[in-house]
Amino acid sequence: MPELPEVEVVRRGLAEHVTGKTITAVRVHHPRAVRRHEAGPADLTARLLDTTITGTGRRGKYLWLTLGDQSALVVHLGMSGQMLLGEVPNANHLRIAALLEDGTTLSFVDQRTFGGWMLADLVTVDGTDVPAPVAHIARDPLDPLFDRDGVITVLRRKHSEIKRQLLDQTVVSGIGNIYADESLWRAKINGARLASGVSKAKLAELLDAAAAVMTDALGQGGTSFDSLYVNVNGESGYFDRSLDAYGREGEPCRRCGAIMRRDKFMNRSSFYCPRCQPRPRV
DNA sequence: AGTTACTCCTGCGGGC
DNA sequence: TGCCCGCAGGAGTAAC
C-alpha cells in the first residue's frame, strides 16, 4: 500500500529518469485510470503529446510531473499503482503507457484501478504551487513547511477518533493505515481515543513519531524498491521487518512483551499493544 | 458545519 | 474441486 515513503521513492526515481524528457506518444489502455481527468482520455493523450517534463512534485500520497506551462500530470497510485520505466512484468494490469523521446516507456500499472492520471493547472496555496486537485490536501510531516503546532490545534478541536484524523488527508497527509498504526504504537496512543482528548504534548509526540517512522521507511527505500520498480504487493518488502505494530497480531509487543491485538476499526484493521496503548473507556 | 458511511476494484486465501 | 465470502484499503461523495 503506497503511503508517503513509497510515493516519495517513486517520485525520486521519476525525477532522476524522466526530467527534461519529452513525451512522444501516450496510450490509455483502461479508461478508469483517467476517470478523474474530466475532459476524458482523448484530451489527456492529446495534451500530453509533445510536452516536456520539467520536474516533479509530491504532497502526501499525490505525486506529479510538472510540464512547464503551469500545468502538471497528477498521479495517484491508489492501492496498487506503479510507475514503471522499461519492461512491464505484468502487462494485463497495464493501464497507461507513455513513450518518451529517448525510446523508454513510462507505464502506469495498477491491479485494483484505484489510482490514475489527470492533467491539471498549478495553483498557489499558502505560498506553494500545487496542482488544483491537490489544493485541499494538507502538508505532510516531511514537508519543510509542515506546521506541527497548527495541526495540533486542529486535532484538539476534533470530536473524532485520533486514528481517523491521522488518516484524514485534509488534516495531515501522507499517512495510511500502516504508518498510522506505527505512529500510534511509537507514541503509545490507542487510535480509538478521541483526538480532542489527547494532550498537546502527546499529539506532538504522535506527529513527531509519524515523521520519524516515515523517514525510517524512506531510508529503507519504502516497502520494496528496485530502481523504478516498486512492488506494492510484495510480501518481502524491506521495511516490513521494521514494522512494530502493523500485521503483528498475536506476537509480543517489542516494547513490553504483551500480546499484540487487532481490532476492526473504520472497516479496516488496527494493530496495537493492549498494555502500551490501552483502549479508552467507553 | 462537522463527522461518518458507502463505494469503487481485483486477487487471494479460508471455509464449506 | 469449486464456489462464496471476507479482506486488503485511498479518497471522493453521499448522507447523517
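Fair warning: this is a prediction, and the values are worked out from it, not measured in the lab.

**Points about the overall build of chain A**
Okay, step 1: Counting its secondary structure elements, chain A contains six helices and 13 strands.
Okay, step 2: The C-alpha atoms of chain A give a radius of gyration of 20 Å, which matches the 19 Å a tight globule of 282 residues would have.
Okay, step 3: If one aligns the C-alpha atoms of chain A with their principal axes, the spans along those axes are about 60 × 40 × 30 Å.
Okay, step 4: In chain A, buried positions account for 52% of the 282 residues.
Okay, step 5: Of the contacts formed within chain A by residues at least 6 apart in sequence, a portion of 63% connects residues at least 24 apart.
Okay, step 6: When the accessible area of chain A is evaluated, it comes to approximately 12,700 Å², of which 48% is carbon and sulfur surface.

**Some points on the sheet that holds strand β3 (residues 62–66)**
Okay, step 1: Pairing in this open sheet of five strands is antiparallel, and the strands run β2-β3-β4-β8-β9 from one edge to the other. Since the sheet does not close on itself, it has two edges, and those belong to β2 (55–59) and β9 (128–131), each with one partner. Sheet twist, expressed as the average angle between the axes of neighbouring strands with direction ignored, equals 35 degrees.
Okay, step 2: One ladder, built from six bridges, connects strand β4 (residues 71–76) with strand β8 (residues 116–125); its direction is antiparallel. Looking at the pairing, Val74 lines up with Met118 of β8.
Okay, step 3: Across the face of the sheet, helix α1 (residues 4–18) comes into contact with β2 and β3 while running at roughly 175 degrees to β2.
Okay, step 4: Helix α2 (residues 41–48) contacts β4 and β8 of the sheet and is inclined by roughly 65 degrees relative to β8.

**Thoughts on the domain arrangement of chain A**
Okay, step 1: As assigned here, chain A comprises domain 1 (4–134) and domain 2 (148–221 + 243–272).
Okay, step 2: One C-alpha centre belongs to domain 1, the other to domain 2; they are set 30 Å apart.
Okay, step 3: On the side of domain 2, ten residues touch domain 1, which itself brings nine residues to the contact.
Okay, step 4: Across the interface of domain 1 and domain 2, roughly 720 Å² is buried in total on both sides, 68% from carbon and sulfur atoms.
Okay, step 5: A per-residue breakdown of the area domain 1 buries against domain 2 is headed by Leu4, Pro5 and Lys61, which together make up 57% of the total.
Okay, step 6: At the junction of domain 1 with domain 2, the criterion picks out four residue pairs in polar contact (both at pLDDT 80 or more).

**Observations concerning the protein's contact with DNA strand C**
Okay, step 1: DNA strand C sits among 18 residues. The nearest are Tyr62, His76, Arg112, Tyr246 and Ser269.
Okay, step 2: Of all DNA strand C atoms lying within 4 Å of any protein atom, the proportion belonging to sugar or phosphate reaches 65%.
Okay, step 3: For DNA strand C, a phosphate oxygen lies 2.5 Å from a polar atom in the side chain of Tyr62.
Okay, step 4: Within the side chain of Arg268, one N or O atom sits 3.0 Å away from a base nitrogen of DNA strand C.
Okay, step 5: Put simply, the parts of the chain that give the surface near DNA strand C at least two residues each are β12 (261–265) and β13 (268–272).
Okay, step 6: Residue classes in the surface near DNA strand C are distributed as five nonpolar, seven polar and six charged.

**A closer look at the protein's contact with DNA strand B**
Okay, step 1: All residues in the neighbourhood of DNA strand B are listed as Arg32, His93, Gln111, Arg112, Thr113, Phe114, Arg157, Lys158, His159, Ser160, Glu161 and Arg164.
Okay, step 2: The protein-proximal atoms of DNA strand B, defined as those within 4 Å of the protein, are 72% sugar or phosphate.
Okay, step 3: The separation between a phosphate oxygen of DNA strand B and a polar main-chain atom of His159 is 2.9 Å.
Okay, step 4: Here a phosphate oxygen of DNA strand B and a side-chain polar atom of Arg164 are 3.3 Å apart.
Okay, step 5: Here the surface near DNA strand B is built from residues that sort into one nonpolar, five polar and six charged.

**Re the packing of helix α3 (residues 148–156) against helix α6 (residues 200–219)**
Okay, step 1: Contact geometry for α3 and α6: axes closest at 10 Å, N-to-C directions at 125 degrees. When the axis of α3 is compared with that of α6, the two are oblique. Seen from above, α3 lies across α6 with right-handed handedness. The segment α3 lies against α6, with Arg148, Val151, Ile152, Leu155 and Arg156 engaging Lys200, Leu203, Ala204, Leu207 and Asp208.
Okay, step 2: For the contact of α3 with α6, the class distribution of residues is six nonpolar, no polar and four charged.

Reading guide: rules and limits
Residues numbered from 1 in each chain as written. Chains lettered and ligands numbered in written order. Predicted model: local features only at pLDDT ≥ 70, side-chain atom pairs only at ≥ 80, totals over all residues. Heavy atoms only, no water. Helix = DSSP H or I, 4+ residues; strand = E, 2+ residues; numbered from the N terminus. Rg over C-alpha atoms; globule rule 2.2 N^0.38 Å. Buried < 20%, exposed > 50% of the residue type's maximum accessible area, 1.4 Å probe, protein only. Contact = heavy atoms within 4.5 Å. Areas by Shrake-Rupley, 256 points an atom, 1.4 Å probe, with all protein chains shown as cover. Pairing = 2+ DSSP bridges. Axes fitted to C-alpha atoms, helices over the stretch in contact; angles between N-to-C directions. Domains from an automatic or database assignment. Buried area = accessible area lost by both parts, 1.4 Å probe. Polar contact = N/O pair within 3.5 Å; in protein donor to acceptor, adjacent residues only side chain to side chain. Near = heavy atom within 4 Å. Nonpolar A, V, L, I, M, F, W, Y, C, P; charged D, E, K, R; others polar. Parallel < 35°, antiparallel > 145°, perpendicular 65-115°, else oblique. Left-handed = near helix turned anticlockwise from the far one by under 90°.

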